[in-house]
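Inside the fold
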Amino acid sequence: MQSTHLRPVEFDAALIVKHDGSGPRYTSYPTADRFVTGPVVQQYLTALQKRQSERPQAALSLYVHLPFCDTVCYYCACNKIATKDRARADFYLDYLEKEIALVREQFTKQPEVSQLHLGGGTPTFLTNLQLERLMAMLHAAFVFTERAECSIEIDPRRLNVGALELLAKHGFNRMSIGVQDLDPAVQKAVNRIQPPEVTQSVLEQGRKLGYRSVNLDLIYGLPKQSVQTMESTLSTVLQWRPDRIALYSYAHLPERFMPQRRIETEDMPRPAEKLAMLKLAVTTLLEAGYVYIGMDHFALPEDELAIALDEGTLQRNFQGYATQADCDLIALGVSAISRIGDTYAQNHRDLDEYYAALDQGVLPLSKGLTMSADDLVRRAVIHDLLCQSEIMIPAFEKQWGIRFNTYFAPDLQQLLDLQADGLVEVTDEAIRITHKGRFLARIVAMRFDRYLRETRSSAKYSKVI
Ligand code: SF4
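Residues numbered from 1 in each chain as written. Predicted model: local features only at pLDDT ≥ 70, side-chain atom pairs only at ≥ 80, totals over all residues.

What follows covers the overall build of the protein. On a plain count of helices and strands, the protein comes out with 18 helices and 19 strands. The C-alpha atoms of the protein give 22 Å as radius of gyration, which agrees with the globular expectation for 465 residues (23 Å, within 12%). Each of the three principal axes of the protein carries a C-alpha extent, and together these read 55 × 55 × 45 Å. Relative to its 465 residues, the protein shows a buried fraction of 40%. Across the protein, every contact between residues at least 6 apart in sequence was considered, and the portion connecting residues at least 24 apart equals 75%. (Helix = DSSP H or I, 4+ residues; strand = E, 2+ residues; numbered from the N terminus. Rg over C-alpha atoms; globule rule 2.2 N^0.38 Å. Buried ≥ 20, exposed ≤ 12 C-beta atoms within 10 Å, placed from the backbone. Contact = placed C-beta atoms within 7 Å.)

The environment of the ligand is formed by C69, V72, C73, C76, C78, K80, G120, G121, T122, D155 and G178. The class makeup of the residues in the shell around the ligand is five nonpolar, four polar and two charged. (Near = placed C-beta within 6 Å. Nonpolar A, V, L, I, M, F, W, Y, C, P; charged D, E, K, R; others polar.)

Turning our attention to helix α13 (residues 393-400). In an α-helix, one turn spans 3.6 residues; hence positions three or four apart end up facing the same way. The buried fraction of α13 is low, at zero of eight residues. A positive phi of about 65° marks G401, the residue just after α13.

Accessible area lost during the coming together of the parts is what is often quoted as the interface size. Taken domain by domain, the protein holds domain 1 (1-30 + 372-465) and domain 2 (34-330). In this structure, domain 1 and domain 2 have C-alpha centres spaced 26 Å apart. Those elements that provide at least two residues to the side of domain 1 that touches domain 2 are α1 (13-19), α12 (373-388) and α17 (441-446). With four residues, the top contributor of residues to the side of domain 1 that touches domain 2 is α12. (Domains from an automatic or database assignment.)

Now the structure itself:
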């Protein structure tokens, strides 16, 4: 085990303000907005066949996107469908079944799955019967390993009685609970009324049922939020002691996301207040013993994410930070993104198009990308920066067969201002993000993103502040 050298982090407000800009979260590289249309189905099938011949035993990760929500939270930028009609989920499951069958056809025997994540939307929009049906469909097509990590995103406001027990029976052992803020005025302003006792009760039930690594999502920068509301929310949340806390920045982009137009502009906190909230949250979480994992994530020292950070085995994938080695991912459902080997493939984002493709008996893919040699090497750089805060140059050169300083000469030039401000240190041996650079790790990563540099487009991404 390495020492805990990765854990220290320094909050430097002036540098955050100076360098903060729009940027990707790098849950993939290249990022999904670089995917292209074309022979995606063929590329994906080729990737699956290659996997079948080269590494048939390798375990898979599965993601299922369940897009329905009872009501819309005004801050939300996810791909979701607001409805109260549960029958729509039955119809959706009919199509998921078709998609699963098309994927299953590509394997000679049931593939092994070591990770499953149900995301949304609101996966718990499904009735217990619908959840049972979904699990039966997945278990008929795939074999789950004994220690498979099964996780689900929970909306505690309308969780069906018995849903957590049912999921636990099917091997679910992790949950992520959406909270965002506990202040009643903030909850009203974002159309998400969720009394603290509702959240607490779900969290406690989950723990009793053996769920571990319980995550709570918080957001800063919401309408009506202030340092005071943040302080009060954190004080309650810390009494619950969740294993993990994700602290996301709200990006107000009403021109892009329709529900955000329902937010009153005058209710939005000013940038200085937002920065003060972030500072308060970070300081409070660190003082309460949480470890800063990276980007938006904190975890208790005994949580697997903090251990993986210490051991240098932390990973980053479409769900954010993770502990399991980078496995191939099969993603099912509208808008879901798969990655098999070097190939990314994304399903249609539009539900009608998703259904129409399956009606024709073809995989419902709309765009994707097969990574070039350059994509792969840059992906490794960005991974190391975001997961280990450093790149060990000699080892990297050996692994990738390149002369680092030559290959990345233009990129290294772009680091000069960040070096001058003490966010990153560059020697012949290593590139290392400093303690005060850790909050801006993605700004460092962006300097190695070839697509970003070539198109100079970053305005559609979110900011730290
Ligand atoms: S935040 Fe979650 S529950 Fe709210 S609208 Fe978005 S996906 Fe649905």
